[in-house]
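Observations on the model geometry
Single-letter residue listing:
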Amino acid sequence: MRVEHEDAFASELLHSKRFERLSTADHGLATELVFGVLRWRSRLDAAIASASSQPIAKLDAEVLNSLRIGVYQLGWLERVPARAAINESVELVKAARKRSATGFVNAVLRKLAADRGWRNRPHEATTPAALAEAFAHPMWLVERWIKEFGTDNARKICEYDQQTPVTAIRLREPEVEKELLAADIELAPGALLTDARRVVSGDLTKAKAFHEGRVVIQDEASQLVAALLGRASRLLDCCAAPGSKTSVFADNNPAATVLAADLHPHRARLLQRLVRADHVHVIAADARNLPITAYFDRVLADVPCSGTGTLARNPEIKWRLCPDDLPDLHARQVTIFSSALARVAPGGRLLYSTCSLEREEDEAVINEVTNGVPGYGVVDCAAELHNLRDSGRLAWPDIPSLTSGPFLRTIPGLHPCDGFFAALIEKT
Ligand SMILES: C[S@@+](CC[C@H](N)C(=O)[O-])C[C@H]1O[C@@H](n2cnc3c(N)ncnc32)[C@H](O)[C@@H]1O
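Residues numbered from 1 in each chain as written. Predicted model: local features only at pLDDT ≥ 70, side-chain atom pairs only at ≥ 80, totals over all residues.

Glancing now at the overall build of the protein. Of regular secondary structure, the protein possesses 19 helices and 13 strands. Relative to the globule expectation of 22 Å for 428 residues, the C-alpha radius of gyration of the protein, 23 Å, shows essentially globular dimensions. Seen through its C-alpha atoms, the protein measures out along the principal axes to roughly 70 × 50 × 40 Å. The proportion of buried residues among the 428 residues of the protein is 42%. In the protein, once contacts between residues fewer than 6 apart in sequence are set aside, the share between residues at least 24 apart is 66%. (Helix = DSSP H or I, 4+ residues; strand = E, 2+ residues; numbered from the N terminus. Rg over C-alpha atoms; globule rule 2.2 N^0.38 Å. Buried ≥ 20, exposed ≤ 12 C-beta atoms within 10 Å, placed from the backbone. Contact = placed C-beta atoms within 7 Å.)

Neighbouring the ligand are 20 residues, the closest being C239, S244, L263, A287 and D302. Elements with a contribution of two residues or more to the shell around the ligand: helix 14 (244–252) and strand 6 (257–262). (Near = placed C-beta within 6 Å.)

The next point concerns the nonpolar core. Proteins that are soluble and globular tend to have nonpolar side chains buried together. Counting residues in each nonpolar core, the largest one holds 73 residues, and the members touching the most others are L228, C238, V299, A301, Y352 and A422. If you count residues domain by domain, this core takes at least three from each of domain 3 (167–217) and domain 4 (220–427). Not counting residues up to four positions away in its chain, the partners in contact with L228 are L351, C381, E384, L408, A422 and L424. I48, F135, I157 and L357 belong to the second largest nonpolar core, which has 42 residues in total. (Core = buried A, V, L, I, M, F, W, Y, C linked by C-beta atoms within 7 Å. Domains from an automatic or database assignment.)

Let us look at the environment of A331. Tracing the chain through its elements places A331 in helix 17 (residues 325–341). Taking the C-alpha atoms as reference, A331 lies 9.3 Å from E360; in sequence the two are 29 residues apart.

Looking now at helix 9 (residues 139–149). Among the residues making up helix 9, those that are buried are L141, V142, R144, W145 and F149. The arc enclosing the buried residues of helix 9, seen along the axis, measures out at 160°, which places them on a common side. Elements in contact with the buried residues of helix 9: helix 8 (128–134), helix 10 (151–161) and helix 16 (316–320). Following helix 9 by one or two positions, G150 has its phi on the positive side, about 90°. (Arc of directions from axis to C-beta.)

Among the 9 residues of helix 14, 7 are classified as buried, and the element is accordingly described as predominantly covered. Every buried residue belonging to helix 14 is among S244, K245, T246, S247, V248, F249 and A250, and all of these are buried.

On to the domain arrangement of the protein. Domain boundaries assigned for the protein yield domain 1 (2–117), domain 2 (128–161), domain 3 (167–217) and domain 4 (220–427). The C-alpha-based centres of domain 1 and domain 4 are spaced at 37 Å. Opposite the 9 residues of domain 1 that make contact, domain 4 presents 6 residues. Those elements that place two or more of their residues in the side of domain 1 that touches domain 4 are helix 2 (10–13) and helix 3 (24–39). Here the element with the most residues in the side of domain 1 that touches domain 4 is helix 3; it accounts for 3 residues. Across the side of domain 1 that touches domain 4, the residue classes tally to 5 nonpolar, 1 polar and 3 charged. (Nonpolar A, V, L, I, M, F, W, Y, C, P; charged D, E, K, R; others polar.)

Looking now at the packing of helix 3 against helix 5 (residues 61–76). Helix packing geometry: the angle between the two helix axes and the distance between the axes. Closest axis-to-axis distance for the helix 3/helix 5 pair is 9 Å, and the angle between their directions is 95°. The angle between helix 3 and helix 5 falls in the class roughly perpendicular. Residue-level inspection shows L33, G36 and V37 of helix 3 in contact with helix 5, the latter providing R68, I69, Y72 and W76. Of the residues in the contact of helix 3 with helix 5, the class split is 5 nonpolar, 1 polar and 1 charged. (Axes fitted to C-alpha atoms, helices over the stretch in contact; angles between N-to-C directions. Parallel < 35°, antiparallel > 145°, perpendicular 65-115°, else oblique.)

All right, on to the environment of V369 then. Among the structural elements, V369 can be located in helix 18 (residues 363–370). Spatially, the C-alpha atoms of V369 and F149 are 24 Å apart, while their sequence positions differ by 220 residues. Ignoring sequence-local partners within four residues, the contact set of V369 consists of V334, F337, S338 and L341.

Moving on: the pairing of strand 3 (residues 196–201). Sheet analysis places strand 1 (residues 167–171) next to strand 3, joined by 4 bridges and oriented antiparallel. The partner of I169 across the bridge, within strand 3, is R197. Relative to strand 3, strand 2 (residues 186–189) runs antiparallel, the two being bridged by 4 bridges. Across the sheet, the residue bridging to E186 is S201, located in strand 3. Count of turn residues in the strand 2/strand 3 antiparallel hairpin: 6 residues. (Pairing = 2+ DSSP bridges.)

Our focus in this paragraph is the sheet that holds strand 1. Taken together, 4 strands build an open sheet; the order of strands is 2-3-1-4 and the sheet is antiparallel. Whereas interior strands pair on both sides, the edge strands pair on one side only; in this sheet they are strand 2 and strand 4 (215–217). Strand-to-strand, the axes of this sheet are offset by a mean angle of 40°, without reference to chain direction.

Of note, the bond from A241 into P242 is cis; its omega dihedral lies within 30 degrees of zero at 5°. The phi dihedral of R97 is positive, around 60°, even though this residue is not glycine. Relative to the assigned elements, R97 resides in the loop between helix 6 (82–95) and helix 7 (102–114). Classification of R97 by C-beta neighbours within 10 Å gives exposed; the count is 9. The phi dihedral of D184 is positive, around 65°, even though this residue is not glycine. With respect to the element layout, D184 can be found in the loop between helix 11 (176–182) and strand 2. D184 sits in the exposed class, given 11 other C-beta atoms within 10 Å.

Printed below as a string of structure tokens:
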């Protein structure tokens, strides 16, 4: 209900204090139900509509969400008996004081439990409408991805979004690995980076090293983007919270000075808590109008974006976002990019990045700001990726697949990570 009505993010809510009293198993089930419902929402709604005597647009939100949770269990979770799933949804409706709807919820779920033909999905979906239906994505997004990446790749993105993504981690000290293994956390090597690891089993959030910040959860694509900052002596990170990329740079450059800014004071405080390092200074500031006159040899603008490259982690985004949001995001990104660029020292570099797959937020921003402006050049990210491979940090063998023109571009489903875009601009 909070995801729908307060624009909250499920991944943040599920890690809030209210969940601390749940056992690991119950927390796991709560997480599965919330993410399952968000990932498959349009498929669940279609099933509910097929069995409901009333249009689903007319149902109270509590009733509809209780039904979705029930249908998700009937269709996707093999170990929950149908009777238990139906009963729990009926109890949820009662708890939400919608007693008059209990008979209705019971009847819809019983009907769907008796005939589960609705669960089958067309395997050979190739049209935008069929892909959108089969993989529970809004059609406008699927149409854009088919146009941009081709049908096969659009299908891979959709498929990836519908699965629980791997938890990737960054070891801030190499010794931590042994400690995690001793705590029954099984790790596999990183797919993109040699110093990343992927959690195979075990609860990392209970590990001492995690609580002490010696190991951080960070998608490998985000780690790779941060690695493009390389070695330097002064970094301005102008959209920095919660600080995952600030922290990569600070660890790789212990003698550097780092200034990390975020618009929201509470997010700046979060960064301060998470990135504990003497050489990182945190301020609350608006990147569109930075209260800074100094120049930096690295500036990072990891701008606020639609997040369409992270739908496996944040499935609610696909139901919230609409095409009209993209021009607004583009305008904000252009302003932040221009303001960040003004802080780059001669010979220094700006790294612009998003976790969006949309051209308006990626290539179009770079083109709008840099086209025809003298004194700046776009650096070929492939050269930086080769450097990372030569230094033994890049594990991914196929460098061309990570680039799109001079830019870095990861695509979920083609790469085993979130979808990120990054551009390096040098002040010549
Ligand atoms: C994509 S997130 C940054 C993630 C971060 N770089 C990391 O790797 O952990 C974008 C951040 O920009 C902040 N933000 C949004 N508008 C901003 C602005 N005008 N100035 C500065 N920060 C802004 C948001 O609060 C958010 O924390």
